[in-house]
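# Observations on chain architecture
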Amino acid sequence: MFGFAATADAQDRVGLTLAAGAIVNATPPPAEDFAEPLYLFSVQKVMKRYFVLDGEVNYWAHASRFDQGPHNINGPSGVIGRVEGSTEISDNNYWTLGLNFLVRSTGTVRVFGGVGTGFVMQDETYSQQSFGCSASLQQLCGKHEQHYDRGPFPLFRVLGGVEVPVTSRVAIVGSARYEDMSWEGTSRNASAIAGVRFAVK
């Protein structure tokens, strides 16, 4: 770009993108609000002048913590003891593998938009710990931990952004996206990323 046809040609082939940004909750209450770092790597191939295929893998993580003060512990026959407090932590890592179908303009500043689909893998470590247990609940005190691998779960997204070439093989890229994921329930997230795309062919 910047007036040089060679720059446009170099950018319109195969590219690798490294990007980072933030992902936030977009599911209505009572879903938990969060904002976490998001990291992305993609391989892009221009199929036609305006049509682009973009394969990507991204990663983000989120930990949910729930603290509860003094409360009774109930069993089948009623109250079986009391604890002074407890903590539950759900520590999750998410990997997404997806494919985006984009329409992209040409010019010094390139605008693109489209839809994508993919699969999400969830890696969860769940831990629970109680404090100040009564004599009947001594085995409950201490930390108990479980690990779960879930997925793949389907994901659908809409996305758009801009790309600005700065040399014949390097461009700055910014993108915003909205994603819908469904497994036990429906989860919706929004994210924004920025990064660098390198032309390799």
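Quick look at the structure, then. All values reported here derive from a predicted model rather than from experimental measurement. (Residues numbered from 1 in each chain as written. Predicted model: local features only at pLDDT ≥ 70, side-chain atom pairs only at ≥ 80, totals over all residues. Heavy atoms only, no water.)

Across the junction of Gly151 and Pro152, the peptide omega takes the value 10°, indicating a cis bond. Inspection of the secondary structure puts Pro152 in strand E8 (residues 142-165). (Helix = DSSP H or I, 4+ residues; strand = E, 2+ residues; numbered from the N terminus.)

Gaps between atoms show up when a probe of the same size as a water molecule is rolled over them. Applying the stated criterion to the full structure yields two cavities of 30 Å³ or more. As for the largest cavity, its lining consists of 19 residues, of which Val173, Ser175, Arg177, Ile193 and Arg197 are closest to the centre. A per-class count over the lining of the largest cavity returns eight nonpolar, seven polar and four charged. In this structure, the second largest cavity occupies an estimated 30 Å³ of space. Around the second largest cavity, the lining residues are Asn58, Trp60, Thr96, Val120, Leu155, Arg157, Glu179 and Met181. Mapped onto the lining of the second largest cavity, the elements with two or more residues apiece are strand E3 (51-68), E8 and strand E9 (170-182). Within the lining of the second largest cavity, the residues separate by chemical class into four nonpolar, two polar and two charged. (1 Å grid on protein atoms, 1.4 Å probe; cavity = no way out; pocket = protein on both sides within 12 Å on 5 of 7 lines; lining within 4 Å. Points joined across faces, edges and corners; volume = space filled by probe spheres on them. Nonpolar A, V, L, I, M, F, W, Y, C, P; charged D, E, K, R; others polar.)

By the definition in use, this model includes three aromatic pairs. Both rings, one in Phe34 and one in Trp60, keep their centres 5.4 Å apart while their planes meet at 15°; by these two values the pair is stacked. Taken as a pair, Phe34 in the loop between strand E1 (14-25) and strand E2 (35-46) and Trp60 in strand E3 lie far apart in primary sequence, 26 residues in all. The buried category is assigned to Trp60, whose relative accessible area is 6%. Their ring planes at 45° and their centres at 4.7 Å tell us that Tyr59 and Trp95 sit as a pair that is tilted. Here Tyr59 is found in strand E3, whereas its partner Trp95 is found in strand E6 (residues 85-104), with 36 residues between them in sequence. Take Trp95: its relative accessible area is 46%, and that puts it in the partly exposed class. Here the aromatic cluster, defined as three or more aromatic residues joined through ring pairs, consists of Phe34, Trp60 and Tyr94. Over the ring of Tyr148 we find Arg150; its NZ or CZ atom is 4.7 Å from the centre of that ring. (Phe/Tyr/Trp six-rings, centres within 6.5 Å; stacked < 30°, edge-to-face > 60°. Buried < 20%, exposed > 50% of the residue type's maximum accessible area, 1.4 Å probe, protein only. Lys NZ or Arg CZ within 6 Å of the ring centre and 35° of its normal.)

Attention shifts here to the pattern of salt bridges. Counted by the stated rule, this structure contains nine salt bridges. Between Lys143 and Glu145 there is a salt bridge, with its nearest N and O atoms 3.9 Å apart. Each member of the pair, Lys143 as well as Glu145, carries the same accessibility label: exposed. Each of Glu56, Arg157, Arg177 and Glu179 takes part in a single network of salt bridges with overlapping partners. (Salt bridge = Lys/Arg side-chain N within 4 Å of Asp/Glu carboxyl O.)

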